[in-house]
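For reference, the chains in residue letters:
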Amino acid sequence: MINLRYYQKESVDATFDFLCNRDGNALICHPTGAGKSVVIAELARRAVSDYGGKVIILQHRKELIEQNAAKVRVLLPEVEVGIFSAGLGLYENKPSIVCAGIQSIYKHPELFAPRNLVICDECHLI
């Protein structure tokens with residue numbers, strides 16, 4: 001279990017409330033140093049463990065792909081985490097949680113279907 005700060009827990013709870021009770025896309029905005037990777041890991045954990053879902057975490061740079069995958073693996077050692085990135089030379093699309101480069105997957109969404117939750121890190125850059 002991840003020990004979230006109060007504002008991290010509030011954002012995760014609000015996101016799942018939104019996703020379960022409304023239509024549309026949720027947006028979480030935290031400043032630098034607020035632990036966004038922890039929030040991403042908790043969103044993925046809850047989607048997989050509480051809802052039996054499959055998750056894809058999208059990033060625009062290979063450094064962020066590595067960072068998010070490492071954080072999710074540390075915080076969720078019981079869950080298989082894959083990386084799909086041409087820049088990293090890894091093409092793992094089967095695990096419950098996949099950290100992927102947007103540029104590496106946008107032409108091949110069929111490789112990842114079905115996914116129940118798509119998390120975009122740094123979505124303002126998409």
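Look up: the structure comes first, before these words.
It should be emphasised that the depicted structure is a prediction, and the values quoted were computed from it without experimental measurement. Each residue is numbered by its place in its chain's sequence as written, counting from 1. For this predicted model, a pLDDT threshold of at least 70 governs which residues receive local features, and a threshold of 80 or more governs which side-chain atom pairs are given and counted, while totals over whole chains, interfaces and linings are taken from all residues. As a convention, hydrogens and water are excluded, and side-chain values are obtained from all of the structure's heavy atoms.

Caption draft 1: Region of the structure containing the environment of Thr15. Labels follow the DSSP assignment, with helices taken as runs of H or I lasting at least four residues and strands as runs of E lasting at least two, numbered in each case from the N terminus. Its place among the elements puts Thr15 in helix α1 (residues 6-21). A 1.4 Å probe rolled over the protein chains alone gives each residue an accessible area, and that area as a share of the maximum for its type sets the label: buried under 20%, exposed over 50%, partly exposed in between. Here Thr15 falls in the buried class, since its relative accessible area comes to 9%. Whether two residues are in contact is decided by their heavy atoms, any of which lying within 4.5 Å being enough. Setting aside its immediate chain neighbours within four residues, Thr15 contacts Ala26, Ile28 and Leu43.

Caption draft 2: Broad picture of the packing of helix α2 (residues 36-49) against helix α3 (residues 62-75). Axis definition: a line fitted to C-alpha atoms, over the contacting stretch in the case of helices. Angles run 0 to 180 degrees between N-to-C directions. Running from N to C, α2 and α3 cross one another at 60 degrees; their axes reach a closest spacing of 9 Å. Put simply, α2 runs oblique to α3. The interaxial crossing formed by α2 with α3 has right-handed handedness. Of α3, the residues touching α2 (which contributes Ser37, Val38, Ile40 and Ala41) are Gln67, Asn68, Lys71, Val72 and Leu75. Charged means Asp, Glu, Lys or Arg here, nonpolar means Ala, Val, Leu, Ile, Met, Phe, Trp, Tyr, Cys or Pro, and polar covers whatever is left, Gly included. Grouping the amino acids of the contact of α2 with α3 by side-chain chemistry returns five nonpolar, three polar and one charged. Angular relationships are summarised with four words: roughly parallel below 35 degrees, roughly antiparallel beyond 145, roughly perpendicular across 65 to 115, and oblique for the angles in between. Here a crossing is taken to be left-handed if its near helix is turned anticlockwise relative to the far helix by less than a right angle, and right-handed if that turn runs clockwise.

Caption draft 3: Focus on the pairing of strand β5 (residues 117-120). Alternating positions in β5 separate cleanly, Leu117 and Ile119 being buried on one face and Val118 and Cys120 remaining unburied on the opposite face. A strand pair is defined by DSSP finding two or more bridges across the two strands. Pairing of strand β1 (residues 55-59) with β5, which is carried by four bridges, proceeds in the parallel orientation. The residue bridging Leu58 from the neighbouring strand is Cys120, located in β5.

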